[in-house]
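Observations on chain architecture
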Amino acid sequence: MFFCLRNLIHRLRRSPLPKGEGLGNSYSWVIFLDADETFYHPEGVRGLLAQALRRHPGAQGFQVLMRHVDTDAADMPIGTEPVIRILRLQEGLSYQGRVHETPALHGKILAELPLAEGLLLRHTGYASSKVRAKARRNLRLLQEQEPRPQDYRYLADACYALEQYEEALSYARLALASGWQGLDGNKSLYMVALQCLEKLQCPIDEQLALLAEARRALPRSADFMARQGLLMLRRGEAGEARALLDEAMASGSPAELEPLLAKIRGAQGLLSLAEGDSPSAEANLAEALGRDPFEPLALELALRRWREPEICVARLRPFYRGEAARQQFLPQLGRWAGEQGHLQLLFYVQQLRQAAGQAVPEARLTEAFARQEPGTGRALFQQSALDLQRLFVA
């Protein structure tokens with residue numbers, strides 16, 4: 001039988017479970033969820049766990065897929081990863097570490113636990129309003145002691161969450177150079193380093209060099225293969241991008257590629273459209289938008305496929321489900337169109353928002369810029385300076 005109990009896990013963080021101590025004969029497994037984690041379909045947990053046990057009868061525990069959502073942005077998905085949340089109760093079970101504790105058995109970290117397929121957790125702890133406070137706390141705890149090689153990873157995570165990308169990249173490189181290896185073979189460390197390079201807008205060649213190192217360390221990672229394909233697409237090498245993305249989809253598991261599927265399908269759709277394969281482009285577009293309607297590659301594909309702003313907005317709108325997502329639809333689409341220089345779409349979105357009674361203070365400036373009115377350049381410079389001031393004050 002299975003049960004969920006927080007007090008036991010808090011105790012396991014302090015000391016291993018002694019011999020002979022447990023919860024009677026009725027329970028042999030524990031499901032531990034943090035306060036900001038819930039199952040999407042709790043009614044199906046027991047049956048899916050029983051199936052996982054039939055597939056892996058000797059497992060010491062199981063991983064489940066966790067989807068991080070931003071509750072400040074209409075539950076927008078911001079990543080998915082496998083995490084250990086199911087453990088077999090037995091002598092010597094403990095948790096190790098001050099931050100992001102990992103389960104251990106007789107002092108040995110439990111690694112490579114199988115995935116309990118079908119179980120999906122919703123995690124709200126990475127909501128934008130919570131991330132910075134959690135990162136500051138973790139950074140303070142880690143800096144209270146002399147850092148060990150395994151601490152560099154968590155220092156990198158904390159600095160990344162606080163948008164200290166250069167520091168995060170430095171800690172990630174220190175961790176990779178130290179020889180320490182995490183449960184995932186240092187995949188998460190490479191991910192932090194790669195994300196830092198992207199945030200710092202480092203040259204694509206530098207990002208590709210780190211990806212090559214990551215693929216040497218983890219040659220079976222379809223995730224890194226797909227990321228290399230996405231970078232090759234940005235570089236304009238369509239043939240190489242197509243080969244890498246298709247191979248990644250053929251070799252990767254759904255659990256590994258799920259966080260990237262909207263990007264991959266968007267990229268494959270753009271490649272299919274350029275190759276003249278409209279049905280394939282349409283199918284990829286539908287899947288990409290169904291997974292993440294805010295994904296930039298999916299939006300780019302939508303605009304190239306549907307061309308006219310009116311058609312594009314009408315075809316996109318059904319993918320934004322839920323009241324909060326619908327409220328963000330036009331503001332987010334307009335922001336993306338402005339960043340990418342799609343002025344016709346930007347003007348149309350601004351007109352729709354104004355017709356709905358929404359304040360669009362930037363509309364007058366963008367219209368003046370499009371007409372190349374005298375003084376518009378100075379006004380844009382002044383507005384940019386004000387935006388920077390607000391950013392630094394925040």
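All figures in this text were calculated on a predicted structure; none of them were measured in a lab.

Analysis parameters
Residues numbered from 1 in each chain as written. Predicted model: local features only at pLDDT ≥ 70, side-chain atom pairs only at ≥ 80, totals over all residues. Heavy atoms only, no water. Helix = DSSP H or I, 4+ residues; strand = E, 2+ residues; numbered from the N terminus. Contact = heavy atoms within 4.5 Å. Salt bridge = Lys/Arg side-chain N within 4 Å of Asp/Glu carboxyl O. Buried < 20%, exposed > 50% of the residue type's maximum accessible area, 1.4 Å probe, protein only. Phe/Tyr/Trp six-rings, centres within 6.5 Å; stacked < 30°, edge-to-face > 60°. pLDDT = per-residue confidence, 0-100. Core = buried A, V, L, I, M, F, W, Y, C linked by side-chain atoms within 4.5 Å.

What follows deals with the side chain of Asp 151. Within the secondary structure, Asp 151 is located in helix 4 (residues 151-161). Apart from the residues lying within four places of it in its own chain, the contact partners of Asp 151 are Leu 142, Gln 145 and Glu 146.

One pass over the structure, following the stated rule, counts 19 salt bridges. Note that Asp 157 and Arg 153 form a salt bridge whose closest N and O atoms lie 3.9 Å from each other. You can see Asp 157 and its partner Arg 153 sitting in helix 4, four residues apart, about one turn around the helix. Note on Asp 157: relative accessible area 24%, which makes it partly exposed.

On to the packing of aromatic side chains, then. Within the structure shown, the criterion is met by six aromatic pairs. An angle of 25° between the planes, with centres 6.3 Å apart, marks the rings of Tyr 152 and Tyr 171 as stacked. Of this pair, Tyr 152 sits in helix 4 while Tyr 171 sits in helix 5 (residues 165-178), placing them 19 residues apart in sequence. Residue Tyr 152 is classed as buried on the basis of its relative accessible area of 19%. Taking relative accessible area as the criterion, Tyr 171 reaches 22% and is therefore assigned partly exposed. Taking 4.4 Å as the distance between ring centres and 35° as the angle between the ring planes, the aromatic pair formed by Tyr 320 and Phe 329 counts as tilted.

Turning next to the confidence of the model for the protein chain. Regions with low pLDDT should not have their predicted coordinates read in detail. When pLDDT is averaged across the protein chain, the result is 83; 81% of the residues are at 70 or more. Ranking the elements of the protein chain by mean pLDDT puts strand 1 (residues 2-3) last with 42 and helix 13 (residues 296-306) first with 97. Ignoring residues within four places in sequence, the model shows residues 390-394, a span with pLDDT below 50, making one contact including any to other chains.

Looking now at the nonpolar core. If you look at the biggest cluster of nonpolar residues, it comprises 47 residues, and the most contacted ones within it are Phe 224, Ala 226 and Leu 245. Those elements that provide at least two residues to this core are helix 3 (128-143), helix 4, helix 5, helix 6 (187-199), helix 7 (204-217), helix 8 (222-234), helix 9 (238-251) and helix 11 (261-274). Examining the composition of this core, we find that eight residues originate from one element, helix 6, more than from any other. Apart from the residues within four sequence positions on either side, Phe 224 is in contact with Lys 187, Tyr 190, Met 191, Leu 194, Leu 211, Ala 214, Arg 215 and Leu 218.

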